[in-house]
Amino acid sequence: MSTLSHEIVRQCPNCNADLPLGALACPHCHSLVHGAELDALSRQARALEAKRDFAQAREAWSRALALLPPDSKQAEWVSDKVSSLGAAQNALTNGDGKQDHAWARKLGPLGPIAVLLAKSKGLLLAIFKLKFLFSFFSFIAIYVALFGWRYGVGIAVSILIHEMGHFIDIKRRGLPAEMPVFLPGLGAYVKWDALGVTRSQIAQVSLAGPLAGWIAAACSYLLYTHTGDPMWAALARTGAVLNVLNLIPVWVLDGGKAADALGKLGRAALLAAALAVWLYSGETIFFLVAAGIVWRLFTKDKPANDDWGVWLYYVALLVALGVVLHMSPANLAGNTTRPSVILPQ
């Protein structure tokens, strides 16, 4: 006869470590045990919200809440979501609520959303946090003072677009995140809780910023080709340089988090790609990326398996930014003030 131990275990879907029965997060890699199911529930709930089926969406989020560690930020966010959906459902079905918010009926199908926003002050604060607005306008003021209003506002908006790339990618995964905070003269960051998020997901979130930054730089280059205004060329080059700097795989830069999902072979292949882009573009900054990759070849943080999807994402960004730098004029005489030193954000 055999007996079952209370230490029955299962394997973590991310790192394959053994887990005790009932574990919601892996104590080794901190990924969520039920990550795949949570992703499915999140997609289902958002689809139901889009159909204004708040009751079923609330039920889906409630099921997701049971699969999250109670003390995690994700659980706190989902709990708030469940409460806000309850308020939205009451606004649709409660007769008293309709009388209290008669003004909302004039908005037609947007009425329930307006009621929800009116009741959920925390949601409005999450979108328009004072520290976001204050830090961003301070950021703009410093760049305008240094480089003039056109270039100063342009580069501040380019950095905002980069940070919103991170923010949007985090939020679309159903994870809690704060609006970007800007540090005048240094850069910006998005604060979020990565508990239960896999290395690959963190890498994808990290690369979403440079992707948005590349879009901003490419748009600036297109505007330069249509207008001939050297300010747009300066913004294109500066934006591309800032985003390439962020792809250096060291410290807290975006490239550092992205390289965490690559093993030795993936990093070696990334080194070859970075050197190829350096030779194509002639831009020394890609040599710095390559140097950072060489260092990461010898660090002891390599996963057992490479995520080739992350590798392709990383390389595609290096190539896209290299094209922008190769095509954008490096030296333009004109009235645009440009910085001689560019700090990574």
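Residues numbered from 1 in each chain as written. Predicted model: local features only at pLDDT ≥ 70, side-chain atom pairs only at ≥ 80, totals over all residues. Heavy atoms only, no water.

Enquirer: Explain the overall build of the protein chain to me, using residue names and the numbers behind them.
Expert: Within the protein chain, the regular secondary structure consists of 15 helices and four strands. Counting across all 345 residues of the protein chain, residues that qualify as buried make up 47%. The contacts in the protein chain between residues at least 6 apart in sequence include a share of 65% that link residues at least 24 apart. When the accessible surface of the protein chain is summed, it comes to about 17,900 Å², and 63% of that surface belongs to carbon and sulfur atoms. (Helix = DSSP H or I, 4+ residues; strand = E, 2+ residues; numbered from the N terminus. Buried < 20%, exposed > 50% of the residue type's maximum accessible area, 1.4 Å probe, protein only. Contact = heavy atoms within 4.5 Å. Areas by Shrake-Rupley, 256 points an atom, 1.4 Å probe, with all protein chains shown as cover.)

Enquirer: Can you lay out the packing of aromatic side chains for me, pointing to particular residues and giving the numbers?
Expert: The full count for this structure, using the stated rule, is 11 aromatic pairs. Taking the centre distance of 6.3 Å and the plane angle of 45° together, the rings of Tyr221 and Tyr224 count as tilted. Residue Tyr221 and its partner Tyr224 are both found in helix H10 (residues 199-227); the two are separated by three residues, about one turn of the helix. Judged by its relative accessible area of 19%, Tyr224 falls in the buried class. Three or more aromatic residues link up through ring pairs in this structure, and these residues are Phe132, Phe136, Phe137, Phe139, Tyr143, Phe147, Tyr151 and Phe182. (Phe/Tyr/Trp six-rings, centres within 6.5 Å; stacked < 30°, edge-to-face > 60°.)

Enquirer: Any chance you could break down the nonpolar core for me, citing the residues and the numbers?
Expert: Membership of the largest hydrophobic core comes to 37 residues, with the highest contact counts inside it found for Leu270 and Leu318. Put simply, the parts of the chain that give this core at least two residues each are H10, helix H11 (230-246), helix H13 (264-281), helix H14 (285-296) and helix H15 (308-327). In terms of residue count, the dominant contributor to this core is H15 (nine residues). Look past the residues within four positions of Leu318 in its chain and what remains in contact with it is Leu247, Leu270, Ala274, Val277, Phe286 and Val289. Counting residues in each nonpolar core, the second largest holds 25 residues, with Phe132, Ile170, Val205 and Leu235 among its members. (Core = buried A, V, L, I, M, F, W, Y, C linked by side-chain atoms within 4.5 Å.)

Enquirer: So what about the packing of H13 against H15? Which residues, and what values?
Expert: Here H13 crosses H15 at 10°, and the two axes come no closer than 10 Å. By the angle between their axes, H13 is roughly parallel relative to H15. Between H13, through Leu265, Gly266, Ala269, Leu270, Ala273, Ala274, Val277, Tyr280 and Ser281, and H15, the contact on the second element is made entirely by Trp308, Trp311, Tyr314, Val315, Leu318, Val319, Gly322, Val323 and His326. Considered class by class, the residues forming the contact of H13 with H15 number 14 nonpolar, four polar and no charged. (Axes fitted to C-alpha atoms, helices over the stretch in contact; angles between N-to-C directions. Parallel < 35°, antiparallel > 145°, perpendicular 65-115°, else oblique. Nonpolar A, V, L, I, M, F, W, Y, C, P; charged D, E, K, R; others polar.)

Enquirer: Outline the pattern of salt bridges, listing residues and values.
Expert: By the definition in use, this model includes nine salt bridges. A salt bridge links Arg172 to Asp169; its shortest N-O distance comes to 3.1 Å. With a gap of three residues between them, Arg172 and Asp169 both fall in helix H9 (residues 149-172), about one helical turn apart. Here Asp260 and Arg296 are joined by a salt bridge, their closest N and O atoms 2.5 Å apart. (Salt bridge = Lys/Arg side-chain N within 4 Å of Asp/Glu carboxyl O.)

Enquirer: Got a sec to walk through the confidence of the model for the protein chain? Specific residues and values, please.
Expert: Detailed conclusions should not be drawn from predicted coordinates in areas where pLDDT is low. Averaged over every residue, the pLDDT of the protein chain is 81; the share at 70 or more is 80%. Below a pLDDT of 50 lies the segment residues 1-9, which in the model reaches eight contacts outside its immediate sequence neighbourhood of four places, other chains included. Below a pLDDT of 50 lies the segment residues 95-100, which in the model reaches three contacts outside its immediate sequence neighbourhood of four places, other chains included. (pLDDT = per-residue confidence, 0-100.)

Enquirer: How would you explain empty space enclosed by the protein if you had to name every residue and give the values?
Expert: This structure, assessed with the given rule, holds one cavity of 30 Å³ or more. As a volume, the largest cavity reaches approximately 60 Å³. Forming the boundary of the largest cavity are 11 residues, of which Ser158, Ile159, Gly239, Leu242 and Asn243 lie nearest the centre. Counting residues per element, the lining of the largest cavity draws most heavily on H11, at four residues. Within the lining of the largest cavity, the residues separate by chemical class into five nonpolar, six polar and no charged. (1 Å grid on protein atoms, 1.4 Å probe; cavity = no way out; pocket = protein on both sides within 12 Å on 5 of 7 lines; lining within 4 Å. Points joined across faces, edges and corners; volume = space filled by probe spheres on them.)

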